[in-house]
Amino acid sequence: MDELNEEWEEKEQGREKAAEKEEEEEEEEEEEEASWPRWLKPLLQTTFFTNCNFHGEPNNMYCLDCMNGALCSSCLIPHRDHHFIQIRRSSYHDVIRVSEIQKVLDISGVQTYVINGARVVFLNQRPQLRPAKAVSNTCRICDRSLLDSSYYCSLGCKITGTSGSHRRKQSPQRHSETGDSSSGCRKVESATVPSSDSRREKRRKGTPHRAPMGCC
């Protein structure tokens, strides 16, 4: 009976710890959400450069105050007193000029590019089919090669990389990689360095025999 009570208490303690951990993660996610502007994630999820149903113009504008999707220049007229930004395109990917976005968002750590004479940042990550050779710096999320000492290739990668859930996933992985590499070094050393006893055994192939006296 006592063993059953102890087992039940252990299960209850495990459930309580799991619930506390889940609450902490939820609180951490809420804090992360509050640290970013509320319009940022909707912006990254918006599809741009479709034709407007009313004016037939490309939807390449976004109102940061209303967050009501992509707008064309004509649809933007009622939002002229709001904060809005213009989205541009480079190789079928959405970009925004640094001069516009840095007024409303911290883009430190994100790789910038010069396209058509203007410095821009990409909104979302771009799949890289083949890893670049001899590249020392890559994006911490999608492994895209970077031109300088930046950490992320896009705004979307920065949001992912700075999230608590991503950091929790990375920490045990780095620990396991470190342990494997150190144990591997020890195995190599023990396998490649012969002992002194083995060298002596190799020299002693057999006992030499002398010729009998007076046989010649």
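In this text the structure is predicted, and so the values were computed from the model without any measurement.

Calculation rules
- Residues numbered from 1 in each chain as written.
- Predicted model: local features only at pLDDT ≥ 70, side-chain atom pairs only at ≥ 80, totals over all residues.
- Heavy atoms only, no water.
- Helix = DSSP H or I, 4+ residues; strand = E, 2+ residues; numbered from the N terminus.
- Salt bridge = Lys/Arg side-chain N within 4 Å of Asp/Glu carboxyl O.
- Buried < 20%, exposed > 50% of the residue type's maximum accessible area, 1.4 Å probe, protein only.
- Core = buried A, V, L, I, M, F, W, Y, C linked by side-chain atoms within 4.5 Å.

1. Structural notes on unusual backbone geometry
- Although it is not a glycine, M67 sits at a positive phi angle of roughly 55°.
- Turning to its location among the elements, M67 is positioned in the loop between β1 (61-63) and β2 (70-71).
- The phi torsion at N116 lies on the positive side, around 55°, for a residue other than glycine.
- Residue placement: N116 occurs in the loop between β6 (113-115) and β7 (118-122).

2. What to know about the pattern of salt bridges
- This structure, assessed with the given rule, holds two salt bridges.
- Here R88 and E100 are joined by a salt bridge, their closest N and O atoms 3.2 Å apart. One end of the pair, R88, is in strand β4 (residues 88-90); the other, E100, is in helix α3 (residues 98-101), with 12 residues separating them in the sequence.
- Of the residues examined, R88 reaches a relative accessible area of 22% and is grouped as partly exposed.

3. Describing the nonpolar core
- Core analysis: the biggest nonpolar cluster contains 20 residues, and L43, I101, L105, V121 and L155 have the highest contact counts within it.
- Taken together, the elements giving at least two residues each to this core come down to α2 (40-44), α3 and α4 (155-161).
- In terms of residue count, α2 provides more of this core than any other element does, three residues in total.
- The next biggest cluster of nonpolar side chains, apart from the first, holds 10 residues, and it includes Y113, F122, C139 and C153.

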